[in-house]
Amino acid sequence: MKAFQCILLTLGLVSSGSGLLCYVCVGTEASDCAEADTFAMSITNCIVPFDNFNFIRSDVEQLKAVCITVTATDFNPKLVDRGCGIFPNQTSPCEFLENTKHFENCTSCNTDKCNNKKHKKWI
């Protein structure tokens, strides 16, 4: 449960300024969120903090912002979560989330509002 809360905080990151625009919502697999109905979703501006840390330390791995759709499996019913995440450039967001035992059916993308599609699991 704590892992899901941490991910939700990351996925729901809201900032001002210029960044990647992602849809945000949480709902059951039968919800408007799962159906990708945009009227039921908010939009968040996903910004990589501190300009990738490059101006502070060159040995710190660069970060990337991605839009994500994932299913949280430790709820009954399961929950679909759309949002934004910040990950190291060399990390596959979905591989990372799915290796956390509470997530499945992950998709990630890196263009504005790209997480607006039904996942093949729900079609």
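For the structure, check the block above.
Residues numbered from 1 in each chain as written. Predicted model: local features only at pLDDT ≥ 70, side-chain atom pairs only at ≥ 80, totals over all residues. Heavy atoms only, no water.

### Some remarks on the pairing of strand β1 (residues 20–28)
Right, so step 1: Pairing of β1 with strand β2 (residues 42–46) involves five bridges; the strand directions are antiparallel. Along β2, the bridge assignment pairs cysteine 22 with threonine 44.
Right, so step 2: Direction of pairing for β1 relative to strand β4 (residues 79–88): antiparallel, over a ladder of four bridges. Each residue of the ladder has a partner; that of threonine 28, found in β4, is leucine 79. (Pairing = 2+ DSSP bridges. Helix = DSSP H or I, 4+ residues; strand = E, 2+ residues; numbered from the N terminus.)

### Overview of the pattern of salt bridges
Right, so step 1: Applying the stated criterion to the full structure yields two salt bridges.
Right, so step 2: In this structure, lysine 118 and glutamate 35 form a salt bridge, with 3.0 Å as the shortest nitrogen-oxygen distance. In this pair, lysine 118 is assigned in the segment after β5 (103–109) and glutamate 35 in the loop between β1 and β2, connecting sequence segments 83 residues apart.
Right, so step 3: Look at lysine 118 and you get partly exposed, because its relative accessible area is 37%.
Right, so step 4: Residues lysine 78 and glutamate 104 are paired through a salt bridge, measuring 2.7 Å at the closest nitrogen-oxygen approach. Pair noted here: lysine 78 is in the loop between β3 (63–72) and β4 and glutamate 104 is in strand β5, with a separation of 26 residues, a long-range link.
Right, so step 5: Here lysine 78 falls in the partly exposed class, since its relative accessible area comes to 28%. (Salt bridge = Lys/Arg side-chain N within 4 Å of Asp/Glu carboxyl O. Buried < 20%, exposed > 50% of the residue type's maximum accessible area, 1.4 Å probe, protein only.)

### Describing the side chain of serine 31
Right, so step 1: Along the chain, serine 31 falls in the loop between β1 and β2.
Right, so step 2: For serine 31, the side chain forms a polar contact with the main-chain oxygen of threonine 28, separated by 2.6 Å. (Polar contact = N/O pair within 3.5 Å; in protein donor to acceptor, adjacent residues only side chain to side chain.)

### Side note on the sheet that holds β5
Right, so step 1: Pairing within the open sheet is antiparallel, and its five strands lie in the order β2-β1-β4-β3-β5. Every other strand in the sheet has two partners, leaving β2 and β5 as the edge strands with one partner each. Ignoring strand direction, the axes of neighbouring strands in this sheet form an average angle of 35 degrees.
Right, so step 2: Bridge analysis of β3 against β4 gives 10 bridges, and the strand direction is antiparallel. Looking at β4, one finds that valine 66 is bridged to glycine 85. (Axes fitted to C-alpha atoms, helices over the stretch in contact; angles between N-to-C directions.)

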